[in-house]
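A look at the structure
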Amino acid sequence: MTPPMKLGAVIITMGNRPDELRALLDSVTAQHGDRIEVVVVGNGAPVPDVPAGVRTVELPENLGIPGGRNVGIEAFGTRGADVDALLFLDDDGLLPNRDTAELCRQAFAADPKLGIVTFRIADPDTGATQRRHVPRLRAADPMRSSRVTTFLGGANAVRTKVIAEVGPLPEDFFYAHEETDLAWRALDAGWMIDYRADLVLNHPTTAPSRHAVYHRMVARNRVWLARRNLPAPLVPLYPGVWLLLTLVRRPSAPALKAWFGGFGEGWTTPCGPRRPMKWRTVWRLTRLGRPPVI
(Lines give C-alpha, C1' and ligand atoms only; values in the text may rest on other atoms or scores of the structure.)
Protein backbone atom coordinates (compact mmCIF):
# COMPACT_ATOMS: atom_id res chain seq x y z
CA MET A 1 0.00 0.00 0.00
CA THR A 2 1.13 3.54 -0.73
CA PRO A 3 1.85 5.41 2.52
CA PRO A 4 -0.22 8.55 3.13
CA MET A 5 1.24 11.81 1.88
CA LYS A 6 3.40 13.58 4.42
CA LEU A 7 2.20 17.14 4.96
CA GLY A 8 3.92 20.16 6.44
CA ALA A 9 2.61 23.64 7.10
CA VAL A 10 4.29 27.03 6.70
CA ILE A 11 2.94 30.03 8.59
CA ILE A 12 4.59 33.45 8.52
CA THR A 13 3.88 36.01 11.20
CA MET A 14 4.78 39.54 12.18
CA GLY A 15 4.24 38.55 15.80
CA ASN A 16 1.27 40.88 16.24
CA ARG A 17 -1.56 38.30 16.28
CA PRO A 18 -0.57 35.81 18.98
CA ASP A 19 -4.11 34.70 19.84
CA GLU A 20 -5.08 34.13 16.21
CA LEU A 21 -1.81 32.30 15.57
CA ARG A 22 -2.39 29.99 18.52
CA ALA A 23 -5.93 29.23 17.35
CA LEU A 24 -4.66 28.44 13.85
CA LEU A 25 -1.96 26.12 15.23
CA ASP A 26 -4.57 24.33 17.33
CA SER A 27 -6.74 23.85 14.24
CA VAL A 28 -3.79 22.33 12.35
CA THR A 29 -3.06 19.97 15.24
CA ALA A 30 -6.71 18.91 15.25
CA GLN A 31 -6.60 17.69 11.64
CA HIS A 32 -7.44 14.04 11.05
CA GLY A 33 -4.72 11.71 9.82
CA ASP A 34 -0.99 11.77 10.34
CA ARG A 35 0.58 14.64 12.25
CA ILE A 36 1.37 17.77 10.25
CA GLU A 37 4.76 19.24 11.06
CA VAL A 38 4.54 23.02 11.35
CA VAL A 39 7.12 25.77 10.86
CA VAL A 40 6.30 29.32 11.97
CA VAL A 41 8.51 32.02 10.44
CA GLY A 42 8.86 35.30 12.29
CA ASN A 43 9.20 37.71 9.37
CA GLY A 44 11.43 40.35 10.93
CA ALA A 45 9.74 39.88 14.30
CA PRO A 46 9.92 37.48 17.25
CA VAL A 47 7.61 34.49 17.10
CA PRO A 48 5.02 34.46 19.92
CA ASP A 49 4.78 31.46 22.21
CA VAL A 50 3.79 28.36 20.25
CA PRO A 51 2.92 24.83 21.36
CA ALA A 52 5.62 22.24 21.88
CA GLY A 53 6.63 20.54 18.65
CA VAL A 54 6.10 23.60 16.47
CA ARG A 55 9.38 24.70 14.90
CA THR A 56 10.18 28.39 14.59
CA VAL A 57 12.51 30.52 12.48
CA GLU A 58 13.06 34.18 13.34
CA LEU A 59 14.34 36.40 10.54
CA PRO A 60 16.26 39.59 11.37
CA GLU A 61 14.32 41.55 8.74
CA ASN A 62 11.00 41.37 6.96
CA LEU A 63 11.60 39.54 3.67
CA GLY A 64 8.04 40.02 2.46
CA ILE A 65 5.43 37.34 2.01
CA PRO A 66 7.18 35.25 -0.67
CA GLY A 67 10.57 35.59 1.03
CA GLY A 68 9.19 34.50 4.38
CA ARG A 69 7.34 31.56 2.87
CA ASN A 70 10.44 30.47 0.96
CA VAL A 71 12.36 30.34 4.25
CA GLY A 72 9.58 28.13 5.60
CA ILE A 73 9.85 25.85 2.56
CA GLU A 74 13.58 25.38 3.11
CA ALA A 75 12.94 24.45 6.75
CA PHE A 76 11.54 21.22 5.29
CA GLY A 77 14.71 20.43 3.35
CA THR A 78 15.83 21.71 -0.02
CA ARG A 79 12.67 23.02 -1.71
CA GLY A 80 10.58 21.17 0.86
CA ALA A 81 11.90 17.71 -0.03
CA ASP A 82 11.22 16.27 3.45
CA VAL A 83 7.45 16.35 2.88
CA ASP A 84 5.12 15.60 -0.05
CA ALA A 85 3.06 18.79 0.17
CA LEU A 86 3.01 22.01 2.14
CA LEU A 87 0.06 23.96 3.49
CA PHE A 88 0.53 27.74 3.39
CA LEU A 89 -1.79 29.41 5.89
CA ASP A 90 -2.31 33.02 6.99
CA ASP A 91 -1.54 33.50 10.67
CA ASP A 92 -4.98 35.01 11.32
CA GLY A 93 -6.80 32.19 9.56
CA LEU A 94 -8.37 29.06 11.02
CA LEU A 95 -9.21 25.61 9.66
CA PRO A 96 -12.79 25.08 10.92
CA ASN A 97 -13.07 21.51 9.64
CA ARG A 98 -10.90 18.65 10.83
CA ASP A 99 -10.81 16.79 7.50
CA THR A 100 -9.11 19.51 5.40
CA ALA A 101 -5.68 17.86 5.45
CA GLU A 102 -7.12 14.45 4.61
CA LEU A 103 -9.08 15.90 1.70
CA CYS A 104 -5.85 17.47 0.41
CA ARG A 105 -4.08 14.11 0.62
CA GLN A 106 -6.95 12.44 -1.25
CA ALA A 107 -6.98 15.12 -3.96
CA PHE A 108 -3.26 14.81 -4.63
CA ALA A 109 -3.36 11.01 -4.53
CA ALA A 110 -6.26 10.86 -6.99
CA ASP A 111 -4.63 13.15 -9.58
CA PRO A 112 -0.86 12.85 -10.12
CA LYS A 113 -0.84 16.07 -12.20
CA LEU A 114 -2.60 18.12 -9.54
CA GLY A 115 0.10 20.43 -8.22
CA ILE A 116 -1.76 23.03 -6.15
CA VAL A 117 -5.04 23.07 -4.23
CA THR A 118 -6.47 26.43 -3.25
CA PHE A 119 -9.02 26.67 -0.44
CA ARG A 120 -12.18 28.74 -0.10
CA ILE A 121 -11.73 31.66 2.29
CA ALA A 122 -14.83 32.39 4.37
CA ASP A 123 -15.58 35.07 6.94
CA PRO A 124 -15.88 33.35 10.34
CA ASP A 125 -18.95 35.37 11.33
CA THR A 126 -20.97 35.51 8.12
CA GLY A 127 -19.60 32.57 6.15
CA ALA A 128 -19.34 34.87 3.14
CA THR A 129 -16.55 34.53 0.59
CA GLN A 130 -15.30 37.73 -1.02
CA ARG A 131 -15.37 37.73 -4.81
CA ARG A 132 -11.63 38.46 -4.94
CA HIS A 133 -11.02 35.21 -3.07
CA VAL A 134 -12.46 33.08 -5.87
CA PRO A 135 -9.48 32.74 -8.25
CA ARG A 136 -11.34 32.84 -11.57
CA LEU A 137 -13.21 35.42 -13.63
CA ARG A 138 -16.57 33.69 -13.16
CA ALA A 139 -16.59 34.19 -9.41
CA ALA A 140 -20.30 34.68 -8.68
CA ASP A 141 -20.66 31.21 -7.13
CA PRO A 142 -17.87 30.61 -4.57
CA MET A 143 -19.38 27.20 -3.74
CA ARG A 144 -18.46 25.82 -7.17
CA SER A 145 -15.16 24.00 -7.30
CA SER A 146 -13.18 24.13 -10.53
CA ARG A 147 -9.85 24.05 -12.25
CA VAL A 148 -8.25 27.50 -12.04
CA THR A 149 -5.17 29.40 -13.19
CA THR A 150 -3.93 30.84 -9.88
CA PHE A 151 -4.36 30.32 -6.16
CA LEU A 152 -4.76 32.12 -2.83
CA GLY A 153 -1.46 32.70 -1.04
CA GLY A 154 -2.52 32.11 2.56
CA ALA A 155 -4.97 29.25 2.01
CA ASN A 156 -3.51 26.51 -0.13
CA ALA A 157 -1.56 23.27 -0.39
CA VAL A 158 1.32 22.85 -2.85
CA ARG A 159 2.90 19.58 -3.86
CA THR A 160 6.62 19.98 -3.17
CA LYS A 161 7.45 18.35 -6.51
CA VAL A 162 6.09 21.53 -8.08
CA ILE A 163 8.53 23.69 -6.12
CA ALA A 164 11.38 21.31 -6.93
CA GLU A 165 10.56 21.52 -10.63
CA VAL A 166 9.71 25.18 -11.21
CA GLY A 167 11.32 26.91 -8.25
CA PRO A 168 10.01 28.80 -5.21
CA LEU A 169 8.03 32.00 -4.92
CA PRO A 170 9.63 35.15 -6.43
CA GLU A 171 11.13 36.89 -3.40
CA ASP A 172 11.60 40.28 -5.07
CA PHE A 173 7.82 40.62 -5.40
CA PHE A 174 7.66 41.13 -1.59
CA TYR A 175 3.86 41.42 -1.67
CA ALA A 176 1.19 40.75 -4.33
CA HIS A 177 0.93 38.37 -7.29
CA GLU A 178 3.72 36.04 -6.21
CA GLU A 179 1.15 33.20 -6.29
CA THR A 180 0.26 33.89 -9.92
CA ASP A 181 3.92 33.86 -10.87
CA LEU A 182 4.31 30.40 -9.33
CA ALA A 183 0.98 29.25 -10.77
CA TRP A 184 1.92 30.22 -14.32
CA ARG A 185 5.26 28.43 -14.03
CA ALA A 186 3.52 25.34 -12.64
CA LEU A 187 0.92 25.32 -15.40
CA ASP A 188 3.65 25.74 -18.01
CA ALA A 189 5.35 22.64 -16.57
CA GLY A 190 2.14 20.62 -16.96
CA TRP A 191 0.74 20.82 -13.43
CA MET A 192 -2.90 21.68 -12.66
CA ILE A 193 -4.52 23.84 -9.98
CA ASP A 194 -7.86 23.18 -8.30
CA TYR A 195 -10.09 25.56 -6.37
CA ARG A 196 -11.93 23.46 -3.77
CA ALA A 197 -14.96 25.09 -2.18
CA ASP A 198 -15.17 22.30 0.41
CA LEU A 199 -11.72 23.11 1.82
CA VAL A 200 -12.27 26.15 4.01
CA LEU A 201 -10.03 28.61 5.78
CA ASN A 202 -11.87 31.03 8.03
CA HIS A 203 -10.43 34.52 7.74
CA PRO A 204 -11.87 37.91 8.70
CA THR A 205 -13.12 39.98 5.79
CA THR A 206 -10.51 42.61 4.96
CA ALA A 207 -9.57 44.94 2.12
CA PRO A 208 -6.18 44.36 0.49
CA SER A 209 -5.67 48.12 0.30
CA ARG A 210 -5.12 48.11 4.08
CA HIS A 211 -1.46 47.50 3.23
CA ALA A 212 0.37 50.79 2.64
CA VAL A 213 2.33 49.31 -0.26
CA TYR A 214 -0.70 47.75 -1.94
CA HIS A 215 -1.23 50.03 -4.95
CA ARG A 216 2.44 50.39 -5.84
CA MET A 217 3.29 46.71 -5.58
CA VAL A 218 0.14 45.49 -7.31
CA ALA A 219 1.04 47.63 -10.33
CA ARG A 220 4.76 46.87 -10.30
CA ASN A 221 4.29 43.14 -9.88
CA ARG A 222 1.73 42.84 -12.68
CA VAL A 223 4.31 44.30 -15.04
CA TRP A 224 6.95 41.94 -13.64
CA LEU A 225 4.58 39.00 -14.14
CA ALA A 226 4.27 39.83 -17.81
CA ARG A 227 7.95 40.49 -18.35
CA ARG A 228 8.97 37.27 -16.60
CA ASN A 229 6.39 34.85 -17.93
CA LEU A 230 4.55 35.87 -21.09
CA PRO A 231 5.48 35.43 -24.76
CA ALA A 232 6.78 38.72 -26.18
CA PRO A 233 3.57 39.74 -28.06
CA LEU A 234 1.54 39.46 -24.82
CA VAL A 235 3.95 41.35 -22.56
CA PRO A 236 2.43 44.81 -23.21
CA LEU A 237 -1.16 43.50 -23.36
CA TYR A 238 -1.41 42.13 -19.83
CA PRO A 239 -0.35 45.30 -17.94
CA GLY A 240 -2.15 47.41 -20.56
CA VAL A 241 -5.48 45.73 -19.79
CA TRP A 242 -4.91 46.21 -16.06
CA LEU A 243 -4.08 49.86 -16.64
CA LEU A 244 -7.47 50.34 -18.28
CA LEU A 245 -9.28 48.38 -15.54
CA THR A 246 -7.58 50.47 -12.87
CA LEU A 247 -8.69 53.71 -14.50
CA VAL A 248 -12.26 52.42 -14.87
CA ARG A 249 -12.36 51.65 -11.13
CA ARG A 250 -11.51 55.31 -10.40
CA PRO A 251 -9.21 54.97 -7.38
CA SER A 252 -8.42 57.98 -5.23
CA ALA A 253 -5.76 60.42 -6.39
CA PRO A 254 -3.14 59.19 -3.85
CA ALA A 255 -3.86 55.56 -4.77
CA LEU A 256 -3.61 56.32 -8.48
CA LYS A 257 -0.32 58.16 -7.95
CA ALA A 258 1.10 55.16 -6.10
CA TRP A 259 -0.23 52.82 -8.78
CA PHE A 260 1.42 54.74 -11.61
CA GLY A 261 4.64 54.86 -9.61
CA GLY A 262 4.61 51.09 -9.34
CA PHE A 263 3.63 50.70 -13.00
CA GLY A 264 6.65 52.70 -14.08
CA GLU A 265 8.87 50.84 -11.65
CA GLY A 266 7.73 47.55 -13.18
CA TRP A 267 9.10 48.55 -16.59
CA THR A 268 12.36 50.10 -15.41
CA THR A 269 13.61 47.73 -12.70
CA PRO A 270 14.97 44.17 -12.92
CA CYS A 271 12.18 41.58 -12.71
CA GLY A 272 14.26 38.42 -12.33
CA PRO A 273 14.84 35.69 -14.91
CA ARG A 274 12.61 35.67 -17.97
CA ARG A 275 11.13 32.28 -18.84
CA PRO A 276 8.25 32.88 -21.29
CA MET A 277 5.52 30.27 -21.16
CA LYS A 278 4.76 28.09 -24.14
CA TRP A 279 1.93 29.11 -26.47
CA ARG A 280 0.14 25.89 -25.56
CA THR A 281 0.13 27.12 -21.95
CA VAL A 282 -1.46 30.37 -23.13
CA TRP A 283 -4.14 28.24 -24.80
CA ARG A 284 -4.58 26.15 -21.63
CA LEU A 285 -5.07 29.31 -19.55
CA THR A 286 -7.60 30.51 -22.10
CA ARG A 287 -9.52 27.22 -22.03
CA LEU A 288 -9.56 27.41 -18.22
CA GLY A 289 -11.34 30.75 -18.55
CA ARG A 290 -8.55 33.22 -17.88
CA PRO A 291 -6.30 34.07 -20.82
CA PRO A 292 -3.10 35.72 -19.63
CA VAL A 293 -4.12 39.19 -20.71
CA ILE A 294 -6.39 39.78 -17.70
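The name given to the protein chain in an unreviewed UniProt entry is Glycosyl transferase, with Streptomyces griseus subsp. griseus as the source organism. The UniProt entry for the protein chain carries this comment under Pathway (unreviewed entry): "Cell wall biogenesis; cell wall polysaccharide biosynthesis." Recorded under Sequence similarities (unreviewed entry), the UniProt text for the protein chain is reproduced unchanged: "Belongs to the glycosyltransferase 2 family."

1. Let's talk about the domain arrangement of the protein chain
The assigned domain composition of the protein chain is domain 1 (5-200) and domain 2 (210-273). Tallying the contact residues gives 11 residues for domain 1 and 14 residues for domain 2. When residues of domain 1 are sorted by the area they lose upon contact with domain 2, Tyr-175, His-177 and Trp-184 head the list and together hold 51% of the total. Our count for the domain 1 to domain 2 interface comes out at one salt bridge. Put simply, Asp-181 and Arg-228 hold a salt bridge, and the shortest N to O gap is 2.8 Å. Viewed at the interface, domain 2 and domain 1 are joined by seven residue pairs in polar contact (both at pLDDT 80 or more). Class assignment of the residues belonging to the side of domain 1 that touches domain 2 gives a composition of six nonpolar, two polar and three charged.

2. Quick look at helix α3 (residues 100-110)
Those residues of α3 that fall on the buried side of the exposure criterion are Thr-100, Ala-101, Leu-103, Cys-104, Arg-105, Ala-107 and Phe-108. If you follow the buried residues of α3, they end up packed against β1 (7-13), β4 (85-89), β5 (114-122), β7 (155-159) and β8 (192-202).

3. Observations regarding the pattern of salt bridges
One pass over the full model with this rule turns up 14 salt bridges. Salt-bridge contacts for Asp-91 lead to Arg-17; the nearest nitrogen and oxygen are separated by 2.8 Å. Here the residue Asp-91 occupies a position in the loop between β4 and α3, and Arg-17 occupies one in the loop between β1 and α1 (18-29), the gap between them amounting to 74 residues. Judged by its relative accessible area of 3%, Asp-91 is buried.

4. Some remarks on the pairing of β4
Burial runs high along β4: five of the five residues are buried. What you see with β4 is no split at all: Ala-85, Leu-87 and Leu-89 on one side and Leu-86 and Phe-88 on the other are buried throughout. Across four bridges, β1 lies against β4 in parallel orientation. Note that in β4 the partner of Leu-7 across the bridge is Ala-85.

5. Quick look at the nonpolar core
Leu-86, Trp-184, Ile-193, Leu-230 and Tyr-238 are the most contacted members of the largest nonpolar core, which has 43 residues in total. Top contributing element to this core by residue count: helix α5 (residues 178-188), with five residues. There are two domains that each give this core at least three residues, and those are domain 1 (5-200) and domain 2 (210-273). Aside from chain neighbours lying at most four places away, what touches Tyr-238 is Trp-184, Arg-222, Leu-225, Ala-226, Leu-230, Pro-292, Val-293 and Ile-294.

6. Focus: the packing of aromatic side chains
As enumerated under the stated definition, the model contains five aromatic pairs in all. Consider the rings of Phe-173 and Trp-224, whose centres lie 5.6 Å apart with planes at 50°: the pair is tilted. With Phe-173 in the loop between α4 (160-166) and α5 and Trp-224 in helix α6 (residues 214-229), the pair connects residues that are 51 residues apart, well separated along the chain. The pair Phe-173 / Trp-224 is uniform in exposure class, with both members buried. Between the aromatic rings of Trp-259 and Phe-260, the centroid separation amounts to 5.5 Å while the plane-to-plane angle is 85°, which identifies the pairing as edge-to-face. For Phe-260, a relative accessible area of 38% corresponds to the partly exposed category.

The rules behind each value
- Residues numbered from 1 in each chain as written.
- Predicted model: local features only at pLDDT ≥ 70, side-chain atom pairs only at ≥ 80, totals over all residues.
- Heavy atoms only, no water.
- UniProt positions renumbered as here; feature names shortened; annotations may be inferred.
- Domains from an automatic or database assignment.
- Contact = heavy atoms within 4.5 Å.
- Buried area = accessible area lost by both parts, 1.4 Å probe.
- Salt bridge = Lys/Arg side-chain N within 4 Å of Asp/Glu carboxyl O.
- Polar contact = N/O pair within 3.5 Å; in protein donor to acceptor, adjacent residues only side chain to side chain.
- Nonpolar A, V, L, I, M, F, W, Y, C, P; charged D, E, K, R; others polar.
- Buried < 20%, exposed > 50% of the residue type's maximum accessible area, 1.4 Å probe, protein only.
- Helix = DSSP H or I, 4+ residues; strand = E, 2+ residues; numbered from the N terminus.
- Pairing = 2+ DSSP bridges.
- Core = buried A, V, L, I, M, F, W, Y, C linked by side-chain atoms within 4.5 Å.
- Phe/Tyr/Trp six-rings, centres within 6.5 Å; stacked < 30°, edge-to-face > 60°.

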